[in-house]
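# Inside the fold
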Amino acid sequence: MMRKSVRSVALACMAVSLTFATQILAEDFYKGKQVRLIIGSGEASGVDILGRIAARHLSKHIPGQPVIVAQNMPAPESIAVANYVYNIAAPDGLTIGAGSAGLFSRAISQPNIRFDLNKFTWLSNIYSATVIIWMRTDFPCQTFEALRTCPEPLKFSATARGSTGYGLVPELLKDAMKMNMDIIYGYRNADADLAVARGEAHASGGDLIGFMGGGSVQLMNEGKVKILVQVAGRKSRELEKLNITWAMDVVPDEQKRLFSMLNPILDLARPYFTAPDTPKDRTEILRTAFVKLVEDQAFRDEVARVARIEPTLTAGAEMAEQINAMLSQPEDVRKRVIELLQGN
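Overview of the structure. (Residues numbered from 1 in each chain as written. Predicted model: local features only at pLDDT ≥ 70, side-chain atom pairs only at ≥ 80, totals over all residues. Heavy atoms only, no water.)

### Comments concerning the overall build of the chain
- Along the chain, the regular secondary structure elements total 16 helices and eleven strands.
- Summarising its shape, the C-alpha atoms of the chain cover approximately 90 × 40 × 35 Å along the three principal directions.
- Counting only residues that meet the buried cut, the chain has 53% of its 344 residues in that class.
- Considering only contacts in the chain between residues 6 or more positions apart, those separated by 24 or more positions represent 78%.
- Here the chain displays about 15,500 Å² of accessible surface, and carbon together with sulfur accounts for 52% of that area.
- Seen as two clouds, the 39 positive and the 37 negative side-chain charges of the chain have centres 5 Å apart. (Helix = DSSP H or I, 4+ residues; strand = E, 2+ residues; numbered from the N terminus. Buried < 20%, exposed > 50% of the residue type's maximum accessible area, 1.4 Å probe, protein only. Contact = heavy atoms within 4.5 Å. Areas by Shrake-Rupley, 256 points an atom, 1.4 Å probe, with all protein chains shown as cover. Lys, Arg positive; Asp, Glu negative; His and termini not counted. Charge placed at Lys NZ, Arg CZ, Asp CG, Glu CD.)

### As for the environment of Ile39
- Secondary-structure assignment places Ile39 in strand β1 (residues 34–39).
- Overall, the relative accessible area of 0% leaves Ile39 in the buried class.
- With 45 residues separating them in the primary sequence, Ile39 and Tyr84 have C-alpha atoms 11 Å apart.
- The residues contacting Ile39, other than those within four sequence positions of it, are Val47, Asp48, Gly51, Arg52, Ala70, Gln71, Asn72, Met73 and Ala98.

### Concerning the state of the cysteines
- Enumeration according to the criterion identifies one disulfide in this entry.
- Paired by a disulfide, Cys141 and Cys150 hold their sulfur atoms 2.1 Å apart. Taking the sign of the S-S torsion, 85° for the link of Cys141 and Cys150, the bridge is right-handed.
- What makes Cys141 buried here is its relative accessible area of 8%. (Disulfide = S-S within 2.5 Å.)

### Details of the pairing of β1
- Of the pairings in the sheet, the one linking β1 to strand β2 (residues 67–72) comprises six bridges and is parallel in character. When the bridges of β2 are listed, Ile38 appears paired with Gln71.
- For the handedness criterion, the β-α-β arrangement of β1, helix α2 (residues 46–58) and β2 is classed as right-handed.
- Pairing between β1 and strand β3 (residues 95–98): four bridges, direction parallel. Bridge assignment links Leu37 to a residue of β3, and that residue is Ile96. (Pairing = 2+ DSSP bridges. Right-handed = clockwise from strand over helix to strand, strands pointing away.)

### Concerning the packing of α2 against helix α14 (residues 297–306)
- Running from amino to carboxyl end, α2 crosses α14 at an angle of 155°, the nearest separation of the two axes being 10 Å. Classified by the angle their axes make, α2 and α14 are roughly antiparallel. The handedness of the crossing between α2 and α14 comes out as right-handed. Here Ile49, Leu50, Ile53, Ala54, Arg56 and His57 of α2 lie close against α14, whose contacting residues are Ala298, Phe299, Glu302, Val303 and Val306.
- Considered class by class, the residues forming the contact of α2 with α14 number eight nonpolar, one polar and two charged. (Axes fitted to C-alpha atoms, helices over the stretch in contact; angles between N-to-C directions. Parallel < 35°, antiparallel > 145°, perpendicular 65-115°, else oblique. Left-handed = near helix turned anticlockwise from the far one by under 90°. Nonpolar A, V, L, I, M, F, W, Y, C, P; charged D, E, K, R; others polar.)

### Description of the nonpolar core
- Core analysis: the largest hydrophobic core is formed by 113 residues, its most contacted members being Ile96, Leu117, Trp122, Leu173, Val231, Phe259 and Tyr272.
- Setting aside residues no more than four positions away along its own chain, Ile96 makes contact with Val35, Arg36, Leu37, Ile38, Leu58, Leu123, Tyr272, Phe273, Leu286 and Phe290. (Core = buried A, V, L, I, M, F, W, Y, C linked by side-chain atoms within 4.5 Å.)

Here it is as structure tokens:
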């Protein structure tokens, strides 16, 4: 009996030592390394603004403090970076993708995508988005009621149908509120905003971080544009101060189930992820680093100063659960969202 007890203690000590050694090796792994943080959008978008701030602060929270290099891989809905991280990047924890909420709407609507959302290694979400619809104040119809019967269609500059802020949200609102609105696809993010500034379009969309961190907020300060509505899982405290309508307060009851599917997508608006099958020890190091990043006052101060939003954390494991729930919505809800995304 004594011999068995001694053996059990020895095995337990070996297991603890092995776990500790594995952790030390994982922490040493990042020393002297370079981590690529690939931003799935063009420059000056909401994804880019937050991604570059994260890149400047994340290294100090990773043991070994690797050099983090941010680069852009622009494509609608962050599809290019998702394909790259899923299909090409090595599962070594040295490549991090920074995506948008559009990544999820694309995955819902396109059966031929080259990745499985449930197989990514989800690290963190650091911002829950508020999508806005904003419009010129010189357009003759300025309320939802007026837009239903407006003799002139509201021209909305958009990027692609799969985009959340420039595609899914305006399509849902147009359908729910019966607005006389023409959604014109094909713009890049910055060009969609410029189209409104030039008078080529009457309205556009996108997320609050891109609007507040870009040039369009100046047009609002000058009284040339206004925010018509906010769409999010919860009301934005900043927009509530401005008395901006929350979509769930005005959307007809029969349409609210569709928005209930949309809201989780917005809650994971700035997802960070790495390749499937990334080693668990490196996954935990990166997940912990993102937790510390969101708690980092220097990071929070820069985000507040540059992007004028407040970072919010959804941990990697919780993200995986929310994504699985989103992909398991009732068939009729999922079908209608896909129809709107595909223009049916």
